[in-house]
Amino acid sequence: MSKTAAWTAPDPSGRRAILPDSSLENSKDRTVVVTGASGLLGSRVALKLIRAGYTVRCFQRRDAVAVRESLQPKGLERFEQHRGSITHPDHVSRALDGADAVVHLAAKVSVTGPWEEYVETNVTGTRILLEGARAEGIGRFVQVSSPSVSHAGSAFMGQGNQPADPDNARGNYARSKAYAERLALDYDSQDLLVGVVRPHLVWGPGDTQLVERVIERASRGGIPLLDAGAALIDSTYVDNAAEAVLRDFERLETVHGKPLVISNGEPRTVGELMTMMCEAAGVQPPQRTVPASVAKLAGSVVEKIWARRPGADEPPMTRFLAEQLSTSHWFDQRETHELLDWKPEVSIDEGMESLRRYYRPRSSENTASLRPLV
Amino acid sequence: MATANRTTRPTPRPGPIPLKRWPGVARDASRVIDAESTAPVDSGSLRTWHFLDNGPELERQGLDPVGTILCVHGNPTWSYLWRNVVAAGANSGIQPWRVVAVDQLDMGYSERTGLERSLEDRVRDLGDFTRALGLDDAAGPEGVVTLSHDWGGLISQGWGMKHPDLHRGRIFTNTALHHAQGEEIPGALRLALHPAVHGKGTRSTTAFLDVTLSLHKGTWDPEVRKTFRSPYTSPAAREGIQNFVADIPVDEGHRSYAAMQRIAQAVADDDLPCLVLWGPGDPVFKQRYLDDILARNPEATLHRFDKAGHLVAEEEDISTVLFTWLDEAYLGAPDVVERHRVVREKDRKASPLALDYRPMVSELEERRDDDSLAVVDMGPAGRGLKDRSGDSERRSRTRQATIRRQLSWRELAEQVDRTAEVLRDLGVQAGTRVNLMVPPGSRLTTLIYACLKIGAVIVVADTGLGIKGLTRALRGASPEFLVGIPQALLAAKTAGWPGRRVLAGTAHSSTLRLLGAETGIESHEVSAAQPTTPWNAPQPDNVAAILYTSGSTGPAKGVAYTHRQLSSMRDAIQNTYGLGEGAGLVAGFAPFALLGPALGATSVTPDMDVTQPKTLTAKALAQAVRAISATVVFASPAALMNVVETREDMNEDEQAAMQGVERLLSAGAPITVPLLEGMEEICPHAKLHTPYGMTECLPLTDVNLDQIREAERDADPQDGVEGAGAGVCVGTPVYGARVQVVPLDDTGAATGEPTHTPGITGEIIAAAPHAKDHYDRLWWTERTSASIPGWHRTGDVGHFDATGRLWVEGRLSHLISTESGLLTPVAGETAAEKISGVRRAAVVGVGPWGAQVPVVVVERESAPARNGSRAIKDGPAPQALARAVRSVVESATGVRVAAILQVREHPTDIRHNSKIDRPRLAAWADSVLSGGKVRKP
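Residues numbered from 1 in each chain as written. Chains lettered and ligands numbered in written order. Predicted model: local features only at pLDDT ≥ 70, side-chain atom pairs only at ≥ 80, totals over all residues.

With an unreviewed UniProt entry as reference, chain B is termed Alpha/beta fold hydrolase, source organism Rothia koreensis. Per UniProt, the comment on chain B under Sequence similarities (unreviewed entry) is "Belongs to the ATP-dependent AMP-binding enzyme family." (UniProt positions renumbered as here; feature names shortened; annotations may be inferred.)

The name an unreviewed UniProt entry gives chain A is NAD-dependent epimerase/dehydratase family protein, with Rothia koreensis as the organism. Per its UniProt entry, chain A bears the Sequence similarities (unreviewed entry) comment "Belongs to the NAD(P)-dependent epimerase/dehydratase family."

J.: Can you walk me through the overall build of chain A in this structure?
T.: Helix and strand counts for chain A come out as 14 helices and 15 strands. Taking as baseline every contact in chain A between residues at least 6 positions apart, the subset at least 24 positions apart corresponds to 79%. (Helix = DSSP H or I, 4+ residues; strand = E, 2+ residues; numbered from the N terminus. Contact = placed C-beta atoms within 7 Å.)

J.: In this structure, what is going on with the sheet that holds strand β2 (residues 30-36) of chain B? I would like to understand it.
T.: Where strands meet in a sheet, backbone hydrogen bonds hold them as pairs that are either parallel or antiparallel. Residue and element names in this part refer to chain B. The strand order across the open sheet formed by nine strands is β1-β2-β3-β5-β4-β6-β7-β8-β9, and the pairing between neighbours is mixed. The open sheet has two edge strands, β1 (13-14) and β9 (301-304), and neither has a second partner. Direction of pairing for strand β6 (residues 144-150) relative to strand β7 (residues 167-175): parallel, over a ladder of six bridges. Bridging across to β7, Leu147 finds its partner in Ile171. Against the sheet, helix α3 (residues 119-133) contacts β2, β3 (46-53), β4 (68-72) and β5 (98-102), and its axis sits at roughly 110° relative to β2. Packed onto the sheet, helix α14 (residues 318-330) meets β6, β7, β8 (274-278) and β9 and runs at close to 165° relative to β8. (Pairing = 2+ DSSP bridges. Axes fitted to C-alpha atoms, helices over the stretch in contact; angles between N-to-C directions.)

J.: Would you mind going over the domain arrangement of chain B with me for this structure?
T.: How large an interface is tends to be reported as the accessible area lost when its parts come together. Along its sequence, chain B is carved into domain 1 (13-330), domain 2 (362-689) and domain 3 (816-929). Here the C-alpha centroids of domain 1 of chain B and domain 3 of chain B sit 50 Å apart. (Domains from an automatic or database assignment.)

J.: Just checking my understanding: could you explain the environment of Asn435 of chain B for this structure?
T.: All names here are of chain B. Along the chain, Asn435 falls in strand β12 (residues 433-437). The class of Asn435 is buried, set by 29 C-beta atoms lying within 10 Å. Each C-alpha atom of the pair Asn435 and Val586 lies 24 Å from the other, and the pair is 151 residues apart in sequence. Contact partners of Asn435, with chain neighbours within four places excluded, come to Val459, Leu474, Pro479, Phe481, Leu482 and Gly499. (Buried ≥ 20, exposed ≤ 12 C-beta atoms within 10 Å, placed from the backbone.)

J.: I'm lost on the sheet that holds strand β37 (residues 899-903) of chain B in this one. Help?
T.: Residue and element names in this part refer to chain B. The strand order β34-β35-β37-β36 describes an open sheet built from four strands, whose pairing is mixed. The open sheet has two edge strands with one neighbour each: β34 (838-846) and β36 (875-876). Note that β34 and strand β35 (residues 853-860) share eight bridges and pair antiparallel. Note on β35: the bridge partner recorded for Arg840 is Glu859. Against the sheet, helix α33 (residues 879-893) makes contact with β35 and β37, and its axis sits at roughly 120° relative to β37, the strand it touches most.

Here's what the structure looks like:
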């Protein structure tokens, strides 16, 4: 593969997974509010809920196009949308009006930006939603959190479901999510069952957060492997994460109050994961290796520069990212599997194959039915 | 305790344990009591003693102790040393024991008397204490068992001498009972006693205390260390340490010398049960003190904690061992080792394959008039030994070997007799341990058979252990003699190996002095004064040899064989392979090399550097074969690897000689099919055997190349034999041997009923007339390995197939515990090794037990270095290789591998260069996959 122009992500429309009407289960006649439904995981969770018979009210600022375009006529009957912000109490109370449950995914996910913005979206937003749920007499609430809330950036292997620890969480995102998780658990009661799910490093077709960023940067030769990319990390294929959220939601009576880390249970080295993603998209995988210490230093310098720079783009490297990419973090999933009575269905290899079909469909493959959601 | 009715008796009060407690001590275990002194130095004074005592706990639980363990510390520790024994006393044995650990006066938290207390005083002191405590009439039905350390050994035994009715047994950790006049005292103590150091090192500063604490071989818990130091924070508090050091009876002039001698004699005179738990890495209480203890307690049970040192009680879990011994010695629990021996003996006699005992030396005796060749040594043609070291690889590959030394049966028998005479003249008797450090060949053969004849115990620890490993092994065996070549004698001198040194050969007296050797075997003149009396044949069940394991599975263990067991090893070889009289064998593999004369076969040692099996070339092997028209070859896998690599160097004659080889045996480590196929090309008419076994039972099963091929066909999952596959096929038991597997439970422990059921994975257990007698001086290890009566637990894991073949899956300690269950490594490794470019593979687990993920570490074939071609880097494997490995392992075993790492070379044992050090590799993989810098494994 020679160096050519930088890779650009394909337009997702027309490549979306389809939820065929034929696969819908009977209506449960209950309404679930899903926040952050425009994102990768949020849209899959919404579709899973619809398939399972719920009416889903998507609540976020942007249009939940990914959900809508995946639905066929019968499915669309179970789809509602409220555009608004979770930090706005009025928007929230309107969105929660008459609903039975909440699955809360909306968050500020980033590696830069001032602390106040994280508090606003991730902590205050969660509080407003919980208050709203309580006021509305809603009985079920699933908080989608992150495994980064419980660790301090050092390497770990086979860690269990540890409590959130905002004091030691690395970076604004992890710290704010740690506070949010604690807050959510404070609301957990017999009247309002609160479950916490922490999917780790979610990826899948059309994922702009991780997959497409890796592919795009690799195509420009912009990704080095830190310390040979040997750190072993867990990741989660999006459908598995969505299924786990659904399981948690349906088993709240037993799992409420207990944060559960979700992963594919197939840790891979960072280098191998990135390589597989690049291969799926047909770009040259990263070749350069850089010592992690150098990257961390570079990351902290970059962070300082970006802090003074207005603009929305993400920095090429941060200290947090350098740590994430150079230290192992994978989980002991035994408790999660037992409590949810669930195991991931899609293996990493199968997930990579759907990435490949999404980014490089063969002519024989009909793009309209890339991966039906069944 | 309930019977205490003397009103004058003092009662214990709560001790000075601080609010935050001493780690590992229950609050009410710390107590103090007043006792009136009867010691000459301060008779009549009332002294306050501190002690740890589980008495309050026993009362709380409503338990009556069966006896009392009286723990006596040394200098400068205190009762805290025994906290784990105190804590375990109530609930560890079949019945509860009271455990009383005393702080001696001036030590720990007992009173500072400000007086110099002699050994005599301290013995009285301890009696005063036990009287005050009421132990004298309330110790429990089994009385008092003393447990001691350091100078507590003498004091406790002095107490025992004065309380013969109460003292029922003794347990020693590192201590000394006697210091012979004129013997050098250990360097560490010499320094402490030096006038310039004594006051300063022991009282003014905490140096002596710190040095003692620094002897800990592991890592200290800082809180524990702090607690050890806590009673000795001021110079006044340390006075006891100083006086204690001053009371070491270094020579006859010392005030305590006579007391020491009386006590040491008393220990030798009674026959109390004795357990010794010893840390060999102790610069103070060295091997000679252990030997002295054993001499005074010949029936003692001894376990050496190989990695431990002076503070063995701190470094190892002595409690479990100690209470198990108490159960067996006092409370009627079955003596596991004895039970094993009884069953083994019964099985041996009942076996339909049992043969009459025929001593190893019989064949040689019967052929003393035979002038045909018995042993032949090959060596380089022309020059002597000197040009060996300077050999370039090329020269050594093509060098011509010739016969350097040969003995007929008659000559060998004569030499053996003469050597035996010399050894006897030097003082070697039946039971004397003689360490032989001589390379295989006619000299070693002569020495071995001379020792066998006398009944001396041959100690063989090969250089594959490395100097450190050898030193550890030899200290453990403590042979009285070391017979060796000059290099070995020099190493012995430098490393301080035990034993009187004797040169295997002949040399000038100046050279002997240089080597520290008393004499040379071949030049020694037997003193005329000693009449040449005929000696008695050794008893068949006495120990004949101690062989050391390779140390690839922990510190090397000494394995003791009796004369009968060695003879049975010969019989197993003879009857499995049909070897015997008239055969010619190339002895390139140490344990079997000594069998030639016993088998009646002519043996030849090829020209090679025996310390490095890799140096056997095809040419050298062929020339050895040709020299005696050998039909049988014994060689190690590493040697064979080199033979295959250098086969091009053989000329036509040599190639022709190899055509005559009928049988080839290679044992010691698994051998791959490609290697066997390489040998098949070299000796096409030979059956190629790769027996499986271990130092404890060699060989155990046998398989040959044809059978391996058949087994591979049978491993087909669709159309194969039930249970075939998923491991390395090692065939069926050799003559006289039996094998079963003990199924594993969910945690990986082998706890099931022994079975032959196909496909059931478990620990492999072995029984054979040629299996080991016991582990030398490792009671606990022996007890563990003999826990199934009549069987030896191998620590290997495997299963049978429906045709009765055994398949080995790895070591018990290499099991991987994943979320979906237990995983053995070998099947995945075999699959990965089929990928081209992979020389060897190891499957290891990373992560916590129960949630581990499997990682494959492959050793790459090193491609010839060309310009531009990238060298193989240790670390993650390239994606293409990773994909290939993942896919073959998953299709062969169903196991999903988390990561594939590559290395240029696996860490292996030195002896065979083929047993991969998986624990080390697992630690390396763990570090690499944590994201750390990639280092060499």
